Amino acid sequence: DPSVFSSMAGQVVEVETEVENRSYETRSGTVHAALYDGDVCVAEAKPESITLPFTTTGTVKQKLAVSRPTRWDVDCPKLYTLRVTVEKDGEELDADETRIGFRTFRVDAEQGFFLNDRPLKIKGTCNHQDHAGVGVAVPDSVQYYRVRRLKEMGTNAYRCSHNLPTKAVLDACDELGMIVMDENRRFESREEVLRYLDI
């Protein structure tokens, strides 16, 4: 279960991988993390060993130095693939992939919003997740269809109203070049709710 934190300043990707030992004996393995641009590996972290007693969980932290990554933009939504594997004696025990992008943004009181150091006018829409006549239990392709049509209309931003969106909506926005206002109406401080915000 890799979590990713990226910094454009140093072009470093920090990866935290949670490993769970579901067996009934102590197990050891090696965690490998690598970043791919298509089939080409552009960065790789030093493999880290981990040993876990039975039915316990541990976290491995790694860093990948990325040399001049192409930045994600609304006009060119460049994504990379982070692949994390857990291996034992050369055998792959488990693997997970996460798509990530690199970008910077800032807001200036006088000049407005900047994406990757260029001014950008935000042209967005507010969207409920349900679809007329079919509700919310729809194939992922319907979410992609909506975002694609919004892009064709000239928008570059998507406000999720008023609840946490499905993963397919966020994936479509990432892939097709939409800035997202990922709205959350859960005004609570319970641990479960704070996890929604990655706090």
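In this text, all values refer to a predicted model and were calculated from it rather than measured experimentally.

**Some thoughts on helix α1 (residues 140-152)**
Owing to its 3.6 residues per turn, the α-helix brings residues three or four apart onto one side. The end-to-end C-alpha distance of α1, which contains 13 residues, comes to 19 Å, matching closely the 18 Å that a straight helix rising 1.5 Å per residue would cover. Residues of α1 that are buried include every one of Q143, Y144, R146, V147 and L150, and no others. Down the axis, α1 shows its buried residues gathered within 160° of arc, on one side only. Away from its buried face, by an angle of more than 90 degrees, α1 presents the exposed residues Y145 and E152. Next to the buried residues of α1 lie β12 (124-128), β13 (157-161) and α2 (167-176).

**As for the packing of aromatic side chains**
Given two aromatic rings, one states the distance between the centres and the angle between the planes to describe the pair. One pass over the full model with this rule turns up two aromatic pairs. Geometrically, the ring pair formed by Y80 and F102 is edge-to-face, given 5.6 Å between the ring centres and 85° between the ring planes. Linking Y80 in strand β7 (residues 80-88) with F102 in the loop between β8 (91-100) and β9 (105-108), this pair joins segments that are 22 residues apart in sequence. Relative accessible area serves as the criterion here: at 4%, Y80 is assigned to the buried category. Arranged with centres 6.3 Å apart and planes meeting at 25°, the rings of F105 and F113 form a pair that is stacked. The class of F113 is buried, set by a relative accessible area of 15%. Taking the ring centre of F114 as reference, the NZ or CZ of R106 above it sits at 3.9 Å.

**Description of the pairing of strand β14 (residues 179-182)**
Both β13 and β14 contribute to a ladder of four bridges, which runs parallel. Bridge pairing in β14 links C160 to D182.

**Here we look at the pattern of salt bridges**
Per the stated rule, a full pass over the model turns up 12 salt bridges. The shortest N-O distance in the salt bridge between D117 and R71 comes to 3.9 Å. Placement of D117 in the loop between β10 (112-115) and β11 (118-119) and of R71 in the loop between β6 (57-65) and β7 is noted, with a sequence separation of 46 residues between them. E175 serves as the salt-bridge partner of R99, at 2.2 Å between the closest nitrogen and oxygen. You can see R99 sitting in strand β8 and its partner E175 sitting in helix α2, a full 76 residues away along the chain.

Rules behind the numbers
Residues numbered from 1 in each chain as written. Predicted model: local features only at pLDDT ≥ 70, side-chain atom pairs only at ≥ 80, totals over all residues. Heavy atoms only, no water. Helix = DSSP H or I, 4+ residues; strand = E, 2+ residues; numbered from the N terminus. Expected span 1.5 Å × (residues − 1). Buried < 20%, exposed > 50% of the residue type's maximum accessible area, 1.4 Å probe, protein only. Arc of directions from axis to C-beta. Contact = heavy atoms within 4.5 Å. Phe/Tyr/Trp six-rings, centres within 6.5 Å; stacked < 30°, edge-to-face > 60°. Lys NZ or Arg CZ within 6 Å of the ring centre and 35° of its normal. Pairing = 2+ DSSP bridges. Salt bridge = Lys/Arg side-chain N within 4 Å of Asp/Glu carboxyl O.

Any functional reading would require information beyond the geometric quantities listed.
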